[in-house]
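So you can see what is in the structure, the chains are spelled out below.
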Amino acid sequence: MVMKATVDDDDSGWELGMPDKMEKSNTSWIDITQDFEEACRELKLGELLHDKLFGLFEAMSAIEMMDPKMDAGMIGNQVNRKVLNFEQAIKITWLEGHSLAQTVFTCLYIHNPDFIEDPAMKAFALGILKICDIAREKVNKAAVFEEEDFQSMTYGFKMANSVTDLRVTGMLKDVEDDMQRRVKSTRSRQGEERDPEVELETSAVAEAQKLMTQAADLLSAIHNSLHHGMQAQNDTTKGDHPIMMGFEPLVNQRLLPPTFPRYAKIIKREEMVNYFSKLIDRIKTVCEVVNLTNLHCILTTFLVDNKKVFGTHLMQDMVKDALRSFVSPPVLSPKCCLYNNHQAKDYIDSFVTHCVRPFCSLIQIHGHNRARQRDKLGHILEEFATLQDEAEKVDAALHSMLLKQEPQRQHLACLGTWVLYHNLRIMIQYLLSGFELELYSMHEYYYIYWYLSEFLYAWLMSTLSRADSSQMAEERIMEEQQKGRSSKKTKKKKKVRPLSREITMSQAYQNMCAGMYKTMIAFDMDGKVRKPKFELDSEQVRYEHRFAPFNSVITPPPVHYLQFKEMSDLNKYSPPPQSSDLYMAASKHYQQAKMILENIPNPDNEVNRILKVAKPNIVVMKLLAGGHKKDSKVPPEFDFSPHKYFPVVKLV
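What counts, and at which threshold
Residues numbered from 1 in each chain as written. Predicted model: local features only at pLDDT ≥ 70, side-chain atom pairs only at ≥ 80, totals over all residues. Heavy atoms only, no water. Helix = DSSP H or I, 4+ residues; strand = E, 2+ residues; numbered from the N terminus. Buried < 20%, exposed > 50% of the residue type's maximum accessible area, 1.4 Å probe, protein only. Contact = heavy atoms within 4.5 Å. Core = buried A, V, L, I, M, F, W, Y, C linked by side-chain atoms within 4.5 Å. Patch = residues over 30% accessible without salt bridge, like charges linked within 9 Å, V, L, I, M, F, W, Y side chains within 5 Å. Areas by Shrake-Rupley, 256 points an atom, 1.4 Å probe, with all protein chains shown as cover. Salt bridge = Lys/Arg side-chain N within 4 Å of Asp/Glu carboxyl O. Lys, Arg positive; Asp, Glu negative; His and termini not counted. Charge placed at Lys NZ, Arg CZ, Asp CG, Glu CD. Axes fitted to C-alpha atoms, helices over the stretch in contact; angles between N-to-C directions. Parallel < 35°, antiparallel > 145°, perpendicular 65-115°, else oblique. Left-handed = near helix turned anticlockwise from the far one by under 90°. Nonpolar A, V, L, I, M, F, W, Y, C, P; charged D, E, K, R; others polar. Expected span 1.5 Å × (residues − 1). Arc of directions from axis to C-beta. Phe/Tyr/Trp six-rings, centres within 6.5 Å; stacked < 30°, edge-to-face > 60°. pLDDT = per-residue confidence, 0-100.

Focus: the overall build of the protein chain
Now for step 1: For the protein chain, the helix and strand inventory stands at 21 helices and six strands.
Now for step 2: When each of the 652 residues of the protein chain is scored for burial, the buried share is 39%.
Now for step 3: Here the contacts in the protein chain between residues at least 6 apart in sequence split such that 76% fall between residues at least 24 apart.

This is the structure:
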């Protein structure tokens, strides 16, 4: 380590290495390495140097000198600069959360494309700028990103605003046609001519789907040609930036804020092709969202695939359609006397208007990353609790109005059931996402799965059944009204219940959660679960922390720790079950889930993933019930790779 004793402002030797600088400049340097090391030896293990101006905060904020990942000035003083990978790879690195200055604008061609004479390079540079500008605009508009996900700052660079998107597309098309003419002229036999038939104009979504299919077809050709052309050179002695002509990683170093420079590792070309393949698949999935008919389907899409979409329909209309498809409230039926009642209209319109903000927030939440999603889901429960209270009051008012005019109809718990359903969905998603984010320790699994199986899924199935009954009651009234008007006999067709699949899936989920709960209790009985030695906290503290967001919800009422211990106490059974009994009970739950899922017509990927967990767990539970490895205290392994919420139990 060296210390500069006097300062000279001459920067003429900035390109020299440190030893050359020391020889050239008039600066006087003192070597303090030995003194520093001797002083360090006086410190005992675990001790830190503390001074009035140097405390723990300064120690944690200090930059490690000469480390290229932390010391921004270290690489800048070297002659052999490092350069990054080619433009598509650095664009993806920007999309993954790094700054434009450290990724896209390290390409010198991008700084001023007007100076580029080569038509292909100029069109490509403008195309990259336009893509980045469009992506930045859309992401900013959606507002579903955090600082770690995306950085939209342009650092004053021009994003080719003087050129229109259409002009850039035309330039790229001209370059592509020119390249194709060159390729054809080099062939010994001419290839097939392109069909000149003009394609009919289609909708934007259909056009996007067609373009994505074409892009997917081109990826294989890109992958096969990666070895052609100039390859990046790696110099492992000075960082791991690949060297590539036209790229300068430190050209924008002065534009970065005076904080720790975030280390931007550029992805490799092979990984770039894989990234584009996954991106194309995600865009194809987003294109399918326009075919969804109601709010429930859209929310399901967001909950499963984590997508964000911009729509043109009024949210109030979407909420009313969702209510009709879920619970068929009489107030929204044209055949009901309340449909044209001004007071009833005011009630339902006011309620629907109050629904808009929470549901827009709920859709927006599912555009965030998983960790942020979970945090925001916990907070939005407060808004839904308020909404549920209003729904119950509106239900009561509409029910009293309906009884006076149509005594055979009821309006009890229609709107409340719908809000409760979404409340439960949010609570379940909040708990399950903890498994995906690996937040829970093994000893916590049992009360998480208990809460899901015995409480939330039980409430969810009850809510779905009540909504299904309400739908059937409304359909019967509608049929009776039609019979009275028409004397013709109509054949009854067996209708598929709209909520039947979701009820079936909820039963399967409940059985999987119950199986995991009993599995964990049995493992604990056999001493196979390692528990921490609680000093500053306890199981009760951890339990209350895990379910803290549910305290703002009135329905369903939260289960406190003492209630949980009382409800899950095995000593209330006579005789109390042994571990072998619990293993067998868990096996039956997995078997029940398997039977339910195998009877579902047209199973999707989610059904197949759960089956991959249920089948091996049935076998393992039967082995354990028979006494297999009963004396072993080695904890089992939980493999979450087949399914993110339910693990395959493996005995070690």
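What to know about the nonpolar core
Now for step 1: Residues Phe-351, Trp-418, Leu-431, Tyr-451, Leu-452 and Leu-456 are the most contacted members of the largest nonpolar core, which totals 105 residues.
Now for step 2: Other than its neighbours up to four places away in sequence, Leu-452 contacts Ile-428, Leu-431, Leu-432, Tyr-457 and Cys-513.
Now for step 3: Grouped together as the second largest cluster of nonpolar side chains are 25 residues, Phe-105, Ile-110, Leu-129 and Tyr-155 included.

Regarding a negative patch on the surface
Now for step 1: Among the surface-exposed residues, Asp-31, Asp-35, Glu-37, Glu-38 and Glu-42 lie close enough to one another that they form a single negatively charged patch.
Now for step 2: The dominant element in the negative patch, judged by the number of residues it contributes, is helix H2 (residues 33-41), at three residues.

Structural notes on a nonpolar patch on the surface
Now for step 1: Together, Tyr-109, Met-121, Phe-124 and Met-245 make up an exposed nonpolar region whose accessible area comes to about 360 Å².
Now for step 2: Looking at where Met-245 falls in the secondary structure, it is placed in the loop between strand E4 (242-243) and helix H10 (269-287).

Some words on the packing of helix H17 (residues 500-525) against helix H20 (residues 579-598)
Now for step 1: Where H17 meets H20, the axes come as close as 8 Å, and the angle between the chain directions of the two elements is 160°. In terms of orientation, H17 lies roughly antiparallel with respect to H20. Here the hand of the crossing between H17 and H20 comes out left-handed.
Now for step 2: Looking at the contact of H17 with H20 residue by residue, the class counts come to 17 nonpolar, eight polar and one charged.

As for the pattern of salt bridges
Now for step 1: For the coordinates displayed, the defined rule picks out 19 salt bridges.
Now for step 2: One salt bridge connects Asp-133 with Arg-136, and the closest N-O pair in it is separated by 2.9 Å. On the criterion of helical spacing, the pair formed by Asp-133 and Arg-136 is a turn pair, its members being three residues apart in helix H7 (residues 119-142).
Now for step 3: Here Asp-133 falls in the buried class, since its relative accessible area comes to 15%.
Now for step 4: Between Lys-630 and Asp-526 there is a salt bridge; the shortest N-O distance is 3.4 Å. Residue Lys-630 is found in the loop between helix H21 (605-625) and strand E5 (637-639), and its partner Asp-526 is found in the loop between H17 and helix H18 (539-546); the two are separated by 104 residues along the sequence.
Now for step 5: Judged by its relative accessible area of 42%, Lys-630 falls in the partly exposed class.

Focus on the packing of helix H14 (residues 370-405) against helix H15 (residues 414-436)
Between two packed helices, the angle of one axis relative to the other and the distance separating the axes together describe the packing.
Now for step 1: Running from amino to carboxyl end, H14 crosses H15 at an angle of 165°, the nearest separation of the two axes being 9 Å. Compared by their axis directions, H14 and H15 come out roughly antiparallel. Every pair of crossing elements has a handedness; the one defined by H14 and H15 is left-handed.

Regarding helix H12 (residues 315-326)
Now for step 1: For H12, spanning 12 residues, the distance from its first C-alpha to its last is 16 Å, which sits close to the expected 16 Å at 1.5 Å a residue.
Now for step 2: Within H12, burial applies to Met-315, Met-318, Val-319, Ala-322, Leu-323 and Phe-326. Down the axis of H12, the buried set is contained in an arc of 140°. They therefore lie on one face.

Quick word on the packing of aromatic side chains
Now for step 1: Taken as a whole and assessed by the stated rule, the structure comprises 34 aromatic pairs.
Now for step 2: With a centroid separation of 6.2 Å and 85° between ring planes, the pair formed by Tyr-445 and Phe-640 is classed as edge-to-face. Of this pair, Tyr-445 sits in helix H16 (residues 445-485) while Phe-640 sits in the loop between E5 and strand E6 (648-650), and the two are 195 residues apart along the sequence.
Now for step 3: Take Tyr-445: its relative accessible area is 10%, and that puts it in the buried class.
Now for step 4: Judged by centre distance (5.9 Å) and plane angle (35°), the ring pair of Tyr-509 and Phe-646 falls under tilted. You can see Tyr-509 sitting in helix H17 and its partner Phe-646 sitting in the loop between E5 and E6, a full 137 residues away along the chain. As far as burial versus exposure is concerned, Tyr-509 and Phe-646 are alike and both buried.
Now for step 5: Three or more aromatic residues joined by ring pairs make a cluster, and in this case those are Tyr-430, Tyr-446, Tyr-447, Trp-450, Tyr-451, Phe-455, Trp-459, Tyr-543, Phe-547, Phe-550, Tyr-561 and Phe-564.

A look at the confidence of the model for the protein chain
Now for step 1: Summary statistics for the protein chain give a mean pLDDT of 79 and a share of 79% for residues scoring 70 or more.
Now for step 2: Per-element confidence in the protein chain ranges from a low mean pLDDT of 46 for strand E1 (residues 2-4) to a high of 95 for H20.
Now for step 3: Note that residues 188-202 has pLDDT below 50 and, in this model, nine contacts with residues that lie over four places away or in other chains.
Now for step 4: Here residues 302-311 is modelled with pLDDT under 50, and outside its nearest four sequence neighbours on either side it reaches 31 contacts, counting other chains as well.

Brief notes about unusual backbone geometry
Now for step 1: Of the consecutive residues Thr-555 and Pro-556, the connecting peptide bond is found in the cis state with omega at 0°.
Now for step 2: For Pro-556, the position within the fold is in the loop between H18 and helix H19 (561-567).
Now for step 3: For the bond from Ser-574 to Pro-575, the omega torsion is -10°, close enough to zero to count as cis.
Now for step 4: Positive phi outside glycine occurs at Ala-160, with the angle close to 55°.
Now for step 5: Relative to the helices and strands, Ala-160 resides in the loop between H7 and helix H8 (165-186).
Now for step 6: When its relative accessible area of 8% is taken as the criterion, Ala-160 is described as buried.
Now for step 7: Even without being a glycine, Glu-438 presents a positive backbone phi close to 60°.
Now for step 8: Mapped onto the fold, Glu-438 is located in the loop between H15 and H16.

What about H10?
Now for step 1: Taking 1.5 Å of rise per residue, 19 residues should cover 27 Å, and H10 covers 27 Å from first to last C-alpha, within 8% of that figure.
Now for step 2: Looking at H10, one finds that the buried residues are Arg-269, Met-272, Val-273, Tyr-275, Phe-276, Ile-280 and Cys-287. Along the axis of H10, the buried positions cluster into a sector of 160°, meaning they face one direction only.

A short note on the side chain of Thr-417
Now for step 1: Relative to the assigned elements, Thr-417 resides in helix H15.
Now for step 2: Those residues in contact with Thr-417, other than ones at most four positions away along the chain, are Phe-326, Thr-463, Arg-466 and Ala-467.

Quick notes on the environment of Tyr-445
Now for step 1: A sequence separation of 75 residues divides Tyr-445 from Met-520, and the C-alpha atoms of the two residues are 7.0 Å apart.
Now for step 2: Contacts of Tyr-445, omitting those with residues within four sequence positions, involve Phe-435, Tyr-440, Met-520, Phe-638 and Phe-640.

Regarding the side chain of Thr-463
Now for step 1: You can see Thr-463 is positioned in helix H16.
Now for step 2: With relative accessibility at 0%, the residue Thr-463 sits in the buried group.

Focus on the environment of Ala-413
Now for step 1: Position of Ala-413 relative to the elements: it lies in the loop between H14 and H15.
Now for step 2: The spacing of Ala-413 and Pro-329 is 84 residues in sequence and 9.3 Å in space, taken between C-alpha atoms.
Now for step 3: In contact with Ala-413, not counting residues within four places along its chain, are Asp-395 and Arg-466.

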